[in-house]
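Residue-level listing of the chains:
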Amino acid sequence: MASSSSTLWKYDVFLSFRGEDTRKNIVGHLHKELVNRGIVTFKDDKRLEMGDSISQELSRAIQESRIALVVLSKNYATSRWCLNELLMIMDLHLRKKMKVVPIFYGVDPSHVRHQTGSFTLDKYQASETANKVTNWRVALTQIASIAGKDSAACEDEASMIEEIGEDISNQLLIMQPVDFSNIIGMNIHMEGLNPLLSMESESDVRMIGIWGMGGIGKTTIAKCLFDRLSRTFPARCFLENVSKIYRERGVSYLMERFLSTTLGLYENKKKKQKLSTGAELGPHEVKARLRHRKVFLVLDNVDDMKQMHALAQDTSWFGPGSRVIITTRDKGLLNSYGVTTVYDVKCLDTDDSRKIFNQLAFEGGLPPCDYYDKLSIRASRIAEGLPSALEAYGLFFRRMLSLKEWEDALCRFERTPHTNVADVLKISYDSLEEADKRVLLHVACLFTGEPLQRAINFLNDDELQGRLALRILADKSLIEITEGGCIKMHYLVQQTAREIECQESMWRSRGKRVLWDPTEIYEMLRLNRYDESVGCMSLHMCKMPDELYLDGHENKNYNNLKFLKVYRHMDHIEPMLHFKNDNTELLSSRLLRLLHWDAFPLTAFPDGLDASSLFEVILRHSNLTSLWKSMKLLQLRRLDLTGSRYLEQLPDLSMAVNLEELITQGCKRLKRIPESICYRKRLRKLDVSFCDELNSYHITIRELNGRHHQQIVLYFSRFNRRSYSIAKLSIANLSIGGTIQIEMLSLEGNVDHLCFSTDKQATSDWTKRDELGLNSFKSFIRRWSEDMAMSEFHVHGPVKKAEQIFRPTFHGFSSLDIIRFNYKSDGASFLCYSLSMFPCLKELNLINLNIKVIPDDICTLQSLEKLDWSGNDFETLPETMKQLQRLKYVSLCNCFRLKALPELVQVETIKLSGCMNLLLEMSHTEQDCRRFQWLELWLDGCKNIQSISNHLRYFVSLSYLDLSSHEFETLPSSIKDLSSLGTLCLNKCKKLKSIQGVPLSLKYLYAHGCESLETVSLPLNHSIKHLDLSHCFCLKQNEHLVTQFLKDGHGEEESPRFACFPTTKVPSYFDVTETGKSITVQILPSPKVLGFDACVMLTCGRLFRMQFSPFSYSWSWEVDSIFQLELKQDLFHSHESSFNSVKSDHLFIFRGSKTLGEEIENFSLISDLKISDEFKFPPAEIKSCGVRLVLEAGQTDKINLEKMMTSQLSFS
């Protein structure tokens, strides 16, 4: 409505009625229904309905209401009060300042329209109100023409009142603008949807699906769209929760509701009677009413094809310019009706999730202290960006009054989901067939993060039909297939699926089909009470209550076990599950498809096991020295023995005809690769890297021509034995080390390590990835070759095989690593004739190869995102690299001969460490200054660069800058203009005397080993959180530096900040000091204490030096206001003579949390120094510590504190 936005409404609904007819029946019930729905309703409970004039209170209430609900009853027209009220209401309606909804309660609408029956006005003709009769007639005629409710056409009064309440709610949704501006992440959704809606196109009809998992915010997004865009459409409708209406009232009511809301149709009594005889409203009528109208339609939460069939079968149902939005969890439903334009709603990122959670969980939207902040991070992570879960958890934790309650609640929700969250997700689960539910459960326990094809291989049997089931799960947003072809399942979906299995197993005759709880599995195995219904067991050993030895009791209940996964964290060294007396009954199932056992405890694989069904054997970091001698492995697809350091030989794999992957990475004693794998035509992945005993092999890499791709052939030879080849045709993923000779069409030379991989993509209709296909590549090559011909192009590099550049076949690698482990200045140059054979590369690493020339056709790698060419001998790089628009990361470290770079403005990270001859010359036009997108720049050791300050002005977006080992005496002046700079490294700038002029954005400053550094000046309100001045022994301003760092920092900084610099005594800034590692201070009730500053003095032996990195300390708040600080300094032997005679004492200072809490009586600091086990004697120790309390603004800086100090002088 035109003027609605400028009116301050007080009421949603004004009730107009004849009291004597309706007060004690329909009006009373109707008022209760509206109030229960949260609709602000004006009902005059004191009205006497006498006289002609309306009171000022009623007149004001009418003008301040959005909707007038007029109950037209038998005696309505007998009241002049009611007629005057109606007159005022209809005047506002005609001026578009009010919406009117009539209710014909026990009266015929035609009597109202024609003023007959009880609505005759004849009695007023002779009275003093005769002059008003004409206006009353007009008002009655007008209201009778408005769509409303006829009580005679309704099933009963209760259902009629419910329908009216629902209609009013929907109308208010349309009328009342909702402020979506404060909903975090909404603007991003609107930006994503705008191009799909294409509102500027008036001729076509667009149907757009909004698709995503339950609780992700689809309805809210649709409401925002409706609020922003629908007002310009002559017909519009937001039909909320279509699935609920359909289930409760049926398809006929759904269509009636749809049409009446969209067009304001009035279904009269006669039509209702017609419908009741069986002539129900059909889809053809929906199409007939809307095909010439421009409509904005939202069908919310559609979950059945019948709903689409009834409301929006096709775009031809709607007039030109129409927009139809469908929100659903089921993409298959959209596909069935040709809705190809789909907006996939993603979960919120980490930052937005924390903002939403904090807004709901904390008063003011901020955690009251650091400890609550850490807990809030844990809580928001559980929700994993799902808005409905963030809301549920945020509101739940708002009620928690103590840290202990927070901890207990977090432990609960990390095991099982919140009831409200589970209920939302269970709707999708309940819509699945039984087989699909079982596949979902298997995915939740085994295949999250795994390749789609792997899950299909395991689950695609007659019982589960895995391929179909996984497709259904993806369509219903219960899983996601990533661009890399892997399965992704939301953490809360995993939790919900497991919780449902627990609940359903309680009433099944048999128990659980899938086991995953470590404690439950531990007890089952310990007591030997395995249930034969279990088909899948997934055991996380790190979470077992205790170590367990399986005894020798025979148990035949393992016969149905198909999936056995016993796994651990990679840093968890010792196994927790062992066999006792070589009992291997757990492995005895003849149906076993997956055997995954990290740190497999046996030294020899048990004989006699039936392996006929095994798809995968994964025994990483096992104790095995040998595997089986003879087994039928007809189904085996993957054998992974990574890190089995005692393994000496592989079994005969001649029977493993379906083998696709063989991985022996890090099997240091493995002596040979079985010759039988050369006949494995399906082998796609071979990883035999870091197998030291295999270095005696000489490996030659060659190519064979394939139909579409060049194919790799590996030749192995050992001493004087004959050579043999493996994986001749189909190998797509290889990682191998040793003495390798590459003899490919475009690459030639000897290397130590070769690795290439090909992305395993899901089929295109499972993912939304837009790839650079073969046709696009050929088209690019053709244009590029024509351009080169026009410019008299000459190959930049070896021309021996330049004719191979335009070969029609290519390698489909996504990454390629060719590496020598050490750079040798006189090493043989690796020859790189062409790179055009690798058009799909995203990552290219050619390291320590002494390459002298990179070919110009590097520009054909249009998918390239990352390259590392460190340790090579080229002096320049091709200018064609500027055409690599996706290139974001470049590393050229230790390219000692490199003199110049092309202007790679598109790159975000560039590492040039040790490029000692680099000049870094740039053009000097002003317009070039902001073209560079560089965010991170390493120039450490690039001492040949002149006028660094002039060069830095080109890189205004830098957030990281390393200028270590340069020889300037003062900081380059242009650094102060880098307004986004967060990290600055100046380590070992041995001539640097002063640091000043750093930008306010700087958070990390490293100046370790700046031997000449005397002064450091930090700006007022600096943002530095980490300052490393270790081994800067010429510093002259320790007291002033402490004050600058701790007191002049940005006042709003909540997280602690840390600094380290050399000194021999604790500065006087700290009020309370004590020898040893800990100190406790009693806090007096006044003045108010906000936080604390503290210091720890470290001393290091003269033969050692320390460096202060962000990883050299950690901190935590413990109960009873104890601040626990753990130092893990980087300590190493000093070989520089200037340090040999110095015993280096360093002061570690930090500002802690600004909020200690109002009822804290004691504060304690406990510090500890962790020393690596490689040191026989501790090279460093904590000497003393100190504290200064941070007081409320306006209080004195120093106060007399009664202190209670405890100290200890033990080493760690």
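Residues numbered from 1 in each chain as written. Predicted model: local features only at pLDDT ≥ 70, side-chain atom pairs only at ≥ 80, totals over all residues. Heavy atoms only, no water.

With an unreviewed UniProt entry as reference, the protein is termed TIR domain-containing protein, source organism Eruca vesicaria subsp. sativa.

Participant: What is the right way to read the overall build of the protein from this model?
Facilitator: Summing up its helical and strand segments, the protein has 28 helices and 52 strands in all. Looking at the 1212 residues of the protein, the share that counts as buried comes to 54%. Of the contacts formed within the protein by residues at least 6 apart in sequence, a portion of 64% connects residues at least 24 apart. As presented, the protein carries roughly 54300 Å² of accessible surface, and 48% of it is formed by carbon and sulfur atoms. (Helix = DSSP H or I, 4+ residues; strand = E, 2+ residues; numbered from the N terminus. Buried < 20%, exposed > 50% of the residue type's maximum accessible area, 1.4 Å probe, protein only. Contact = heavy atoms within 4.5 Å. Areas by Shrake-Rupley, 256 points an atom, 1.4 Å probe, with all protein chains shown as cover.)

Participant: Is there a simple way to explain the environment of Ser 243 in this structure?
Facilitator: Mapped onto the secondary structure, Ser 243 falls in helix 10 (residues 242-263). You can call Ser 243 buried: its relative accessible area is 2%. Along the primary structure Ser 243 and Leu 254 are separated by eleven residues, whereas in three dimensions their C-alpha atoms are 9.6 Å apart. Those residues within four positions of Ser 243 in sequence are excluded, and the remaining contacts are Asp 300, Asn 301, Asp 303 and Gln 307. Within the local environment of Ser 243, its side chain forms a polar contact with the side chain of Asn 301, the two groups lying 3.0 Å apart. (Polar contact = N/O pair within 3.5 Å; in protein donor to acceptor, adjacent residues only side chain to side chain.)

Participant: What am I meant to see in the packing of aromatic side chains here?
Facilitator: By convention here, two paired aromatic rings are described through the distance between centres and the angle between planes. By the definition in use, this model includes 39 aromatic pairs. An angle of 75° between the planes, with centres 6.0 Å apart, marks the rings of Phe 397 and Phe 413 as edge-to-face. Of this pair, Phe 397 sits in helix 17 (residues 387-398) while Phe 413 sits in helix 18 (residues 403-415), and the two are 16 residues apart along the sequence. The exposure classification of Phe 397 matches that of Phe 413, with both residues buried. (Phe/Tyr/Trp six-rings, centres within 6.5 Å; stacked < 30°, edge-to-face > 60°.)

Participant: Sorry if this is basic, but what is going on with the pattern of salt bridges here?
Facilitator: By the definition in use, this model includes 50 salt bridges. For the salt bridge of Arg 471 with Asp 475, the shortest nitrogen-to-oxygen distance reads 3.7 Å. A residue pair is termed a helical-turn pair when its members lie 3 or 4 positions apart in one helix, as Arg 471 and Asp 475 do in helix 22 (residues 466-475) at four residues. On the accessibility criterion, Arg 471 (24% relative accessible area) is partly exposed. The shortest N-O distance in the salt bridge between Arg 638 and Glu 661 comes to 3.3 Å. Linking Arg 638 in strand 20 (residues 638-640) with Glu 661 in strand 21 (residues 661-663), this pair joins segments that are 23 residues apart in sequence. A relative accessible area of 13% means that Glu 661 is categorised as buried. A single salt-bridge network, built from bridges that share partners, covers Glu 450, Arg 454, Glu 616, Arg 638, Asp 640 and Glu 661. (Salt bridge = Lys/Arg side-chain N within 4 Å of Asp/Glu carboxyl O.)

Participant: Hey, could you run me through the pairing of strand 27 (residues 747-757) in this one?
Facilitator: In regular strands, side chains alternate between the two faces of the sheet. Examined bridge by bridge, strand 26 (residues 733-743) and strand 27 share eight bridges and lie antiparallel to one another. Paired with Ile 742 across the strands is Gly 749, a residue of strand 27. Between strand 26 and strand 27, which pair antiparallel in sequence order, lie three residues. The pairing of strand 27 with strand 29 (residues 831-832) spans two bridges and is classified as antiparallel. Within strand 29, the residue paired with Glu 748 across the bridge is Leu 831. Sheet topology note: the strand 27/strand 28 (residues 815-819) ladder contains five bridges and is antiparallel. When the sheet's bridge partners are listed, Ser 757 is paired in strand 28 with Ser 815. (Pairing = 2+ DSSP bridges.)

Participant: Before we go on, may I ask you to explain a nonpolar patch on the surface in this structure?
Facilitator: On the surface, a nonpolar cluster with roughly 250 Å² of combined accessible area is contributed by Leu 634, Met 655 and Val 657. Relative to the assigned elements, Leu 634 resides in the loop between strand 19 (616-618) and strand 20. The class for Leu 634 is partly exposed, based on a relative accessible area of 41%. (Patch = residues over 30% accessible without salt bridge, like charges linked within 9 Å, V, L, I, M, F, W, Y side chains within 5 Å.)

Participant: Is there a simple way to explain the sheet that holds strand 6 (residues 206-211) in this structure?
Facilitator: Hydrogen bonds between backbone atoms are what pair the strands of a sheet, whose relative direction is either parallel or antiparallel. Strand order in the open sheet made by the five strands is 7-8-9-6-10, with parallel pairing throughout. Edge positions in the sheet fall to strand 7 (235-239) and strand 10 (341-344), since each of these pairs with one other strand and no more. Neighbour-to-neighbour, the strand axes of the sheet open up by a mean angle of 15°, direction not taken into account. Examined bridge by bridge, strand 7 and strand 8 (residues 295-299) share five bridges and lie parallel to one another. Bridge assignment links Leu 239 to a residue of strand 8, and that residue is Leu 299. (Axes fitted to C-alpha atoms, helices over the stretch in contact; angles between N-to-C directions.)

Participant: How should the nonpolar core be read in this particular structure?
Facilitator: In a soluble, globular protein the nonpolar side chains are often hidden away together inside. Within the largest apolar cluster, 158 residues are counted, with the highest numbers of intra-cluster contacts made by Trp 869, Leu 912 and Leu 986. Residue contacts for Leu 986: discarding those within four places in its chain leaves Leu 963, Ser 964, Phe 968, Leu 971, Leu 992, Ile 995, Leu 1005, Tyr 1006, Ala 1007 and Cys 1010. Counting 83 residues, the second-largest nonpolar core is a separate cluster that includes Leu 225, Leu 375, Val 421 and Tyr 429. (Core = buried A, V, L, I, M, F, W, Y, C linked by side-chain atoms within 4.5 Å.)

Participant: Which parts of the structure should I look at to understand the sheet that holds strand 1 (residues 11-16)?
Facilitator: Pairing is parallel in the open sheet, where five strands are placed in the order 2-1-3-4-5. Each having just a single partner strand, strand 2 (41-42) and strand 5 (149-150) make up the two edges of the open sheet. Here strand 3 (residues 65-72) pairs with strand 4 (residues 99-104) via six bridges, running parallel. Note that in strand 4 the partner of Ile 67 across the bridge is Lys 99.

Participant: I'm lost on the packing of helix 3 (residues 56-63) against helix 4 (residues 80-94) in this one. Help?
Facilitator: The description of two packed helices rests on the angle between their axes and on the distance between the axes. Here helix 3 crosses helix 4 at 30°, and the two axes come no closer than 10 Å. One element, helix 3, and the other, helix 4, form an angle in the roughly parallel class. The two elements helix 3 and helix 4 meet at a crossing, and its hand is right-handed. Residues Leu 58, Ser 59, Ile 62 and Gln 63 of helix 3 form the contact with helix 4, whose own contacting residues are Trp 81, Glu 85, Met 88, Ile 89 and Leu 92. Of the residues belonging to the contact of helix 3 with helix 4, the class tally is six nonpolar, two polar and one charged. (Parallel < 35°, antiparallel > 145°, perpendicular 65-115°, else oblique. Left-handed = near helix turned anticlockwise from the far one by under 90°. Nonpolar A, V, L, I, M, F, W, Y, C, P; charged D, E, K, R; others polar.)

Participant: I'm lost on unusual backbone geometry in this one. Help?
Facilitator: Working note: non-glycine residues mostly have negative phi, and peptide bonds are mostly trans. Positive phi is not limited to glycine here, since Gln 115 has a value of about 55°. Notably, Asn 241 is not glycine yet its phi reads approximately 55°, a positive angle. Residue position: Asn 241 is located in the loop between strand 7 and helix 10.

Participant: Would you mind showing me how to read helix 20 (residues 434-447) here?
Facilitator: Each full turn of the α-helix corresponds to 3.6 residues, which orients residues three or four apart in the same direction. Under the 1.5 Å per step criterion, the end-to-end length of helix 20 is 19 Å for 14 residues, consistent within 8% with the ideal 20 Å. Looking one or two residues beyond helix 20, the residue adopting positive phi is Gly 449, at roughly 85°. (Expected span 1.5 Å × (residues − 1).)

Participant: Honestly, the packing of helix 19 (residues 419-430) against helix 23 (residues 491-505) in this entry has me stumped. Any pointers?
Facilitator: Where helix 19 meets helix 23, the closest approach of the two axes is 10 Å, and the angle between their N-to-C directions is 80°. When the interaxial angle is binned, helix 19 and helix 23 end up roughly perpendicular. Residues Val 421, Ala 422, Leu 425, Lys 426 and Tyr 429 of helix 19 lie in contact with helix 23, whose contacting residues are Leu 492, Val 493, Thr 496, Ile 500 and Glu 504. Residues that form the contact of helix 19 with helix 23 fall into these classes: seven nonpolar, one polar and two charged.

Participant: Sorry, what's going on with the side chain of His 418 here?
Facilitator: Considering the arrangement of structural elements, one finds His 418 in the loop between helix 18 and helix 19. A relative accessible area of 11% means that His 418 is categorised as buried. A distance of 3.0 Å separates a polar atom in the side chain of His 418 from the backbone nitrogen of Asn 420. Apart from the residues lying within four places of it in its own chain, the contact partners of His 418 are Ala 392, Tyr 393, Phe 396 and Phe 413.

Participant: In this structure, what is going on with the pairing of strand 4? I would like to understand it.
Facilitator: Among the six residues in strand 4, five count as buried, and that is most of the element. Bridge count between strand 4 and strand 5: two bridges; the pairing is parallel. The residue of strand 5 that forms the bridge with Phe 104 is Asp 150.

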